[in-house]
Amino acid sequence: MFIAVKSISIQNETFILTNQRAVFWEKEKALILSDLHIGKTAHFRKNGIALANHIMKSDLARLSALIEYFQPEKFIVVGDLLHAGDNSDVDEFCLWKDQYPDIRFYLIEGNHDRISESLEKKLCFSYKSGLLDISGIRFIHDFDASVSGFQITGHIHPGIILNSSVKNIRLPCFVLTADQLLLPAFSEFTGLDTQNIPKKGKFFVFTDIEIYEIWLFEN
């Protein structure tokens, strides 16, 4: 796995985008990502759709590599940590997380995060809420125009279609506008939404080896 990086400035703060679907906030030493959907493969298996759990193992391996690379003190999940409550994949995630007892774990609750009291104890959050404010930067799962300040969000699983003479290519991306950084879904077992993303801004499209900055003025 290769980690490509690209630094951007938000509110005079340095954030480092990666081609591994996460961003690192230098000052706060925070690794930030969204939409892990832990338990999605187990949920499909429970409902009779055979899926190997190597998909989640791959996601967690990428997370471990990012932790090794950035050495974060905070781990911020901007919603949809879980997919369908508690199941065997959640147990595996908790075992993985126990390797990093010194990293503070923040969850900004998303629409899939239906977390019982017993499950909350198992996950051992340092912080859990629908909104987190750090130095005037707001973390919220889905963009909310009624919330003031710059927002870092997830939920949409943003992607872009790049047209070529041979074929159209769909790639995940980050989207940066004047008031929002929209994160890609961290889990690779998700679709891409190329329709409901911001209409104007900088689009940071990535592959396994690189990050490319693209300006789009209309989708």
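Scroll up to find the structure this text is about.
Structural notes, computed from the coordinates. What you see is a predicted model, and the numbers here were worked out from it, not measured in a lab.

Moving on, we come to the overall build of the protein chain. For the protein chain, the count of helices and strands is four helices and 15 strands. The C-alpha atoms of the protein chain give a radius of gyration of 17 Å, which matches the 17 Å a tight globule of 219 residues would have. In terms of its C-alpha atoms, the protein chain occupies a principal-axis envelope of roughly 45 × 45 × 35 Å. Across the 219 residues that make up the protein chain, the buried fraction comes to 53%.

What follows covers the nonpolar core. One finds Leu36, Ile38, Leu63, Phe75, Leu81, Phe93 and Leu123 to be the most contacted residues of the largest nonpolar core, which totals 31 residues. Secondary structure elements with two or more residues in this core: strand 4 (30–33), helix 2 (54–70), strand 5 (74–77), helix 3 (88–97), strand 6 (104–108) and helix 4 (117–123). When near neighbours in sequence (up to four residues on either side) are disregarded, Leu81 contacts Leu36, His37, Ile38, Phe93, Phe105, Leu107, Asp113, Leu123 and Phe125. Listed in part, the 26 residues of the second largest apolar core include Ile10, Phe139, Leu176 and Ile211.

At their nearest, the axes of helix 2 and helix 3 sit 11 Å apart, and the two run at 20° to each other. By the criterion of interaxial angle, the relationship of helix 2 to helix 3 is roughly parallel. Helix 3 is crossed by helix 2, and the crossing has right-handed handedness. Here Met56, Lys57, Leu60, Leu63, Ser64 and Ile67 of helix 2 lie close against helix 3, whose contacting residues are Asp89, Glu92, Phe93 and Trp96. Its residues assigned to classes, the contact of helix 2 with helix 3 comprises six nonpolar, one polar and three charged.

Strand order in this open sheet of seven strands is 1-2-3-4-5-6-7, and the pairing throughout is mixed. Unpaired on one side and paired on the other, strand 1 (5–10) and strand 7 (127–129) mark the two borders of the sheet. Strand-to-strand twist of the sheet, defined as the mean angle between neighbouring strand axes without regard to direction, takes the value 20°. Pairing of strand 5 with strand 6 involves four bridges; the strand directions are parallel. Its bridge partner being in strand 6, Val77 is matched across the sheet by Leu107.

Moving on to the side chain of Glu13. In this structure, Glu13 sits in strand 2 (residues 13–18). There is a polar contact of 3.3 Å between the side chain of Glu13 and the side chain of Trp25. Aside from chain neighbours lying at most four places away, what touches Glu13 is Ile8, Trp25 and Lys27.

Our next topic: the pattern of salt bridges. Applying the stated rule across the entire model yields 14 salt bridges. A salt bridge links Arg62 to Asp59; its shortest N-O distance comes to 2.8 Å. Highlighted residues: Arg62 and Asp59, both in helix 2, separated by three residues, approximately one helical turn. Here the two residues Arg62 and Asp59 agree in accessibility, since each one is buried.

Among the eight residues that make up strand 12 (residues 169–176), six are buried, leaving the element largely enclosed by the rest of the structure. The pairing of strand 12 with strand 14 (residues 201–206) spans four bridges and is antiparallel. Counted as the bridge partner of Val175 is Phe203 from strand 14. Note that strand 12 and strand 13 (residues 180–182) share two bridges and pair antiparallel. Counted as the bridge partner of Leu176 is Leu181 from strand 13. Taking the residues that link successive antiparallel strands as the turn, the strand 12-strand 13 hairpin has three residues.

What the rule picks out here adds up to twelve aromatic pairs. Aromatic side chains Phe15 and Trp25 sit 4.9 Å apart centroid to centroid with 25° between the ring planes, which places their arrangement in the stacked category. Taken as a pair, Phe15 in strand 2 and Trp25 in strand 3 (residues 23–25) lie far apart in primary sequence, ten residues in all. Both residues of the pair, Phe15 and Trp25, belong to the buried class. Summarising the aromatic geometry, the rings of Tyr106 and Tyr127 are spaced 5.9 Å apart at their centres and angled 40° between planes, so their arrangement reads as tilted. Of this pair, Tyr106 sits in strand 6 while Tyr127 sits in strand 7; the two residues are 21 residues apart in sequence, bridging distant segments of the chain. Its end group placed over the ring of Phe186, Arg62 keeps NZ or CZ at 4.1 Å from the ring centre.

Scoring rules and cut-offs
- Sequence order sets the numbering: in each chain, residues are counted from 1 along the sequence as written.
- Totals for whole chains, interfaces and linings use all residues, but because this is a predicted model, local features are given only for residues with pLDDT of at least 70 and pairs of side-chain atoms are given and counted only at 80 or more.
- To get the side-chain values, all heavy atoms of the structure are used, and hydrogens and water are removed first.
- Every helix listed is a DSSP run of H or I at least four residues long, and every strand listed is a run of E at least two residues long, numbered separately from the N terminus.
- We compute the radius of gyration over the C-alpha atoms and compare it with the globule rule, which gives 2.2 Å times the number of residues raised to the power 0.38.
- Three exposure classes are used, based on accessible area relative to the maximum for each residue type with a 1.4 Å probe and protein chains only: buried under 20%, partly exposed in between, and exposed over 50%.
- Think of a nonpolar core as a cluster: buried Ala, Val, Leu, Ile, Met, Phe, Trp, Tyr and Cys residues, connected wherever their side-chain atoms sit within 4.5 Å.
- Whether two residues are in contact is decided by their heavy atoms, any of which lying within 4.5 Å being enough.
- A fitted line through C-alpha atoms serves as each axis, taken over the contacting stretch for helices, and the angle formed by two N-to-C directions is quoted from 0 to 180°.
- When an angle is under 35 degrees it counts as roughly parallel; over 145 it counts as roughly antiparallel; between 65 and 115 it counts as roughly perpendicular; any other value is oblique.
- Left-handed describes a crossing in which the near helix is turned anticlockwise from the far one by less than a right angle; the clockwise case is right-handed.
- Side-chain classes are defined by residue name, with Ala, Val, Leu, Ile, Met, Phe, Trp, Tyr, Cys and Pro counting as nonpolar, Asp, Glu, Lys and Arg as charged, and the others, Gly among them, as polar.
- Between any two strands, pairing holds if DSSP finds at least two bridges.
- Any N or O atom pair separated by 3.5 Å or less is treated as a polar contact, with the protein-specific requirement of one donor-capable and one acceptor-capable atom, and with residues adjacent in sequence counted only for side-chain atom pairs.
- Salt bridge, as used here: a side-chain nitrogen of Lys or Arg that lies within 4 Å of a carboxyl oxygen of Asp or Glu.
- Centres within 6.5 Å are what make two rings of Phe, Tyr or Trp a pair, Trp counting through its six-membered ring; a difference in plane orientation under 30 degrees is then read as stacked, over 60 as edge-to-face, and the rest as tilted.
- By the criterion adopted, a ring carries a charge over it if an Arg CZ or a Lys NZ lies within 6 Å of its centre and within 35 degrees of its normal.

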